[in-house]
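Summary of structural features
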Amino acid sequence: MDWPVRPPAAYRRRHEVISVNVGRPQPNPWKGIGATGIDKRPVDGRVAVTAPGPKGTGDVGLAGDRVYDVAHHGGTDQAVYAYAREDLDHWEAELGRPLADGSFGENLTTTGLDVNGALIGERWRIGPELVLEVSCPRIPCGTFQGWLGERGWIKRFTEEVRPGAYLRVVTPGSVGAGDPVEVVHRPDHDVTVALVFRATTLETELLPRLLVADALPEEDMARIRRRLT
C-alpha cells in the first residue's frame, strides 16, 4: 500500500479535515461479536452526516458507516470520531511504522486542531453547514488493541492521553477532505477531552471537576456521579 506523504506539522496552518474515513466491516476475533467497523479508510468526495439517534442500533453519523458493538459504540453522543493527524504522527514515531489516515478508526482526520484540548460542549462548523459538538473522549478497548496489533496497547494509549474526541451532530450537512474547521462556540468551563479521559481512567481524584460539563453524555455523567458517592 502506498502511504500518503504529509507535509511537516509546522507547515500545516489551517484548521481543517484532511481525510474523511468510512468503515469496512472486518471479522472481530477480539470480542464476542462477529464484526468490527474499526477499519476506516479515506473516501473521495463528500459524505452526508446526520444525527444517528440513540445508541443500540449500530448507526453513526457518516453515511455508509456503522458500528457492531452496539452496547458501547455509536448513537447520538458518538456520532463522529475525530483524531488529529499530529497525534497520528506522534504515534508513527513511537511505533516506528506508518499510520494512514483512519488507522485509529477515526471518521475525521484533522490538522491544526488541538482535538484533545477541545472543551466538552465546544462546537465546530465544518464546511458550509455541518456543526458538530464535542461530547467525550474515546476509551480504548480490546478491539482497538487487536486491530493495532501492539502488545500492551490499551495501557500505552491510556498513559499517553491522546484519546481523540467523539462528537454529536448539531446541524446535519456533509463533509469532505479539505473542509475548514471553525470553532464557533466554547462553553464557560475548563473541562477538556483530555481532562475527562484522565479523570475517568488514571486520575480519579479529578472526577469532581467534570460535573460542570453538562454536555457530557448522560450515561457518562451518571457513571461519574455514582463513582463520587
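This one's a predicted model, so the numbers in the text were calculated from it and none came from an experiment. (Residues numbered from 1 in each chain as written. Predicted model: local features only at pLDDT ≥ 70, side-chain atom pairs only at ≥ 80, totals over all residues. Heavy atoms only, no water.)

As a further point, take helix H5 (residues 218-228). Listing the buried residues of H5 in full gives Asp220, Met221 and Ile224. For H5, the arc enclosing every buried residue in end-on projection is 95 degrees, short of the 170-degree limit, so these residues lie on one face. Pointing more than 90 degrees away from the buried face of H5 are the exposed residues Glu218 and Arg226. Buried residues along H5 sit against strand E9 (130-137). (Buried < 20%, exposed > 50% of the residue type's maximum accessible area, 1.4 Å probe, protein only. Helix = DSSP H or I, 4+ residues; strand = E, 2+ residues; numbered from the N terminus. Arc of directions from axis to C-beta. Contact = heavy atoms within 4.5 Å.)

The next subject is the layout of surface pockets. In this structure, the largest pocket occupies an estimated 480 Å³ of space. Around the largest pocket sit 21 residues that line it, and Gln78, Pro137, Ile139, Asp220 and Arg223 are the ones nearest its centre. For the lining of the largest pocket, the elements supplying multiple residues, two or more each, are E9, helix H4 (193-201) and H5. A breakdown of the residues in the lining of the largest pocket according to their chemical character gives ten nonpolar, four polar and seven charged. (1 Å grid on protein atoms, 1.4 Å probe; cavity = no way out; pocket = protein on both sides within 12 Å on 5 of 7 lines; lining within 4 Å. Points joined across faces, edges and corners; volume = space filled by probe spheres on them. Nonpolar A, V, L, I, M, F, W, Y, C, P; charged D, E, K, R; others polar.)

Attention now moves to the confidence of the model for the protein. Per-residue pLDDT for the protein has a mean of 94; in total, 94% of the residues score no lower than 70. Scored below 50 in pLDDT, residues 1-11 makes nine contacts in the model with residues more than four places away or belonging to other chains. (pLDDT = per-residue confidence, 0-100.)

With that out of the way, let us pick up the environment of Phe197. Secondary-structure assignment places Phe197 in helix H4. The exposure class of Phe197 is buried, given its relative accessible area of 0%. Not counting chain neighbours up to four residues away, the residues in contact with Phe197 comprise Pro137, Arg138, Ile139, Pro140, Phe157, Thr158, Val161, Pro163 and Leu202.

This brings us to the state of the cysteines. By the definition in use, this model includes zero disulfides. Unpaired in this structure, Cys136 has its nearest cysteine sulfur neighbour in Cys141, at a distance of 13 Å. Judged by its relative accessible area of 18%, Cys141 falls in the buried class. (Disulfide = S-S within 2.5 Å.)

Take unusual backbone geometry next. The phi torsion at Val161 lies on the positive side, around 55 degrees, for a residue other than glycine. The topology assignment puts Val161 in the loop between helix H3 (153-160) and strand E10 (165-171).

In this section: the side chain of Glu150. Structurally, Glu150 can be placed in the loop between helix H2 (142-148) and H3. Exposure remark for Glu150: the relative accessible area of 19% places this residue in the buried category. One polar contact links Glu150 to Arg97, side chain to side chain, over a distance of 3.5 Å. Aside from chain neighbours lying at most four places away, what touches Glu150 is Leu95, Arg97 and Gln145. (Polar contact = N/O pair within 3.5 Å; in protein donor to acceptor, adjacent residues only side chain to side chain.)

Right, let's get into the environment of Tyr83. Checked against the element boundaries, Tyr83 lands in strand E6 (residues 80-84). The sequence separation of Tyr83 and Asn107 amounts to 24 residues, and the corresponding C-alpha distance is 8.0 Å. Not counting chain neighbours up to four residues away, the residues in contact with Tyr83 comprise Leu88, Trp91, Phe104, Glu106, Leu108, Thr109, Thr110, Phe157, Arg162, Pro163 and Gly164. In terms of polar contacts, Tyr83 uses its side chain to reach the side chain of Trp91, at 3.2 Å.

This part is about the packing of aromatic side chains. In the structure shown here, the tally under the stated rule is twelve aromatic pairs. When the centroid spacing of 5.7 Å and the interplanar angle of 85 degrees are considered together, the rings of Phe144 and Trp153 count as edge-to-face. Phe144 gets classed as buried once you look at its relative accessible area, which sits at 0%. Put simply, the rings of Tyr81, Tyr83, Trp91, Phe104, Phe144, Trp153, Phe157, Tyr166 and Phe197 touch in pairs and so form one group of aromatic residues. One residue, Arg66, lies across the ring of Tyr68, its end atom 4.9 Å from the ring centre. The ring centre of Phe144 lies 3.7 Å from the NZ or CZ of Arg138, which sits over that ring. (Phe/Tyr/Trp six-rings, centres within 6.5 Å; stacked < 30°, edge-to-face > 60°. Lys NZ or Arg CZ within 6 Å of the ring centre and 35° of its normal.)

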